[in-house]
Every structure is written in C-alpha cells, then in structure tokens.
Amino acid sequence: MIQRNKSFGVPARPAGTPCIFKGIKGKITEYIKGAAQNARHGKGSIIMSVLSVTSEAFEKELLHVFSWADITAVGPGLGQSNMALKLLEMVVEHSRGPIVMDADALNILAGQKELLEKLMEMQQDPERRRELILTPHPGEFGRLAGKKIPEIQKDAIPLTREWAEKLQAAMICKGAR
C-alpha cells in the first residue's frame, strides 16, 4: 500500500488495517509519508508502516518489496507531487504482481498521458501485462477518460467496459449507478 499520512489535513487511516480484519494472512507493508514507523498485528498478518519516501534508500527498499509483494495498491492520499508521480512510475515499471489503483494514482495517470500510454502499451503485451484493478469514482473516471461527470454517470457501463478493455483491467466505477 502506497499512500500519504495526511489527506485534507487529517491523518489518514492506514489502508492496510482492513486487511487484518478481513483475515488476510501474511505481511502487509504500507509506505505512508509522515507516518510513525510501527507494526500492527492481527489474525496472522503483520502491517509495517515505513518512513521517508523521498530517499534513495526508500527507492531501493521499494524495489526489494516489489520482488516479493503479491499485490501493490497505490493511491489513497498519495497527492499529485513529483514524488507521487515517481512512485506511481515505479509501481507501473517494477511491481511484479497485480496492481490496484485508486484515488490520486488515477488522478496522476489522468494527468500524465505518457504514463497512461505506457501502461496501455504494457497491458497489450502478454509478457508484460499485469492484473490491473482500477476503482475510480465518477470524477476520477471523468479525468481519466476526458469527460465530464454527467457523461460518466449517463454512460457508466459502456464507458467502464471500454476503458476496462483499453487497459486490459478490471474496473469498478464507484457511485455510478
């Protein structure tokens, strides 16, 4: 899980916490900017929160995590800074397992056409394709698709199918009844 500790001026709830309560077993590592380093235990899971996402050591550690991580989730509270872009680029280029993108990861992707095109190209190549799950709300989806929210809401199902096919991804468009 790659996220930021503060969103809208308040501490974010670590996204890995629900994994413990759902009984997901194993090691869950969260990279949370500004979080105190700690570990929480429950139901056979260990969640580690780690500091300092801007250092060279962090990049090395993240590459190491990608070597063993079964899944990477990125986005909640990440922000849209250059550092956040670099993190998302690292996720796209180096994670070996499925990728879940939500929130700011989708906003960054919408604003970085080169990265979006790289992801689309990667997803078309069976050798490089990853399981990809995108979970936009209508605003994030609108930014990604270059459409206004009413257009997304009106045509949510066909647009979701279109983008799922483009990205060879599972897409869940939240709140688009």
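The rules behind these values
Residues numbered from 1 in each chain as written. Predicted model: local features only at pLDDT ≥ 70, side-chain atom pairs only at ≥ 80, totals over all residues. Heavy atoms only, no water. Phe/Tyr/Trp six-rings, centres within 6.5 Å; stacked < 30°, edge-to-face > 60°. Lys NZ or Arg CZ within 6 Å of the ring centre and 35° of its normal. Core = buried A, V, L, I, M, F, W, Y, C linked by side-chain atoms within 4.5 Å. Buried < 20%, exposed > 50% of the residue type's maximum accessible area, 1.4 Å probe, protein only. Helix = DSSP H or I, 4+ residues; strand = E, 2+ residues; numbered from the N terminus. Contact = heavy atoms within 4.5 Å. Expected span 1.5 Å × (residues − 1). Arc of directions from axis to C-beta.

Novice: Describe the packing of aromatic side chains, and please don't skip the residues or the numbers.
Specialist: Tallied over the entire structure, the rule returns zero aromatic pairs. Taking NZ or CZ as reference, Lys166 lies 4.1 Å from the ring centre of Trp163, over its face.

Novice: Please give an account of the nonpolar core that cites residues and values.
Specialist: Counting 38 residues, the largest nonpolar core has Met101, Leu119, Leu132, Leu134, Phe141, Trp163 and Leu167 as the members making the most contacts within it. Among the elements of the structure, α2 (56-68), α3 (82-94), β8 (99-101), α4 (104-111), α5 (113-124), β9 (132-134), α6 (138-145) and α8 (156-167) are those that each provide at least two residues to this core. A per-element tally of this core places α3 first, with eight residues. Leaving out residues up to four positions away in the same chain, Leu119 has contacts with Val92, Met101, Leu109, Leu132 and Leu167.

Novice: Let's hear about α8: which residues, and what values?
Specialist: In this model, α8 (12 residues) spans 16 Å end to end at C-alpha, consistent with the 16 Å of a helix rising 1.5 Å per residue. Along α8, the residues that are buried comprise Ala156, Leu159, Thr160, Trp163, Ala164 and Leu167. Buried positions in α8, seen along its axis, are confined to an arc of 135° and lie on one side of it. Set apart from the buried face of α8 by more than 90 degrees, the exposed residues are Ile157, Arg161 and Glu165. Contacts made by the buried residues of α8 are with α5, β9, α6, α7 (149-154) and β10 (170-171).

Everything listed here is a matter of geometry and, on its own, says nothing about what the molecule does.
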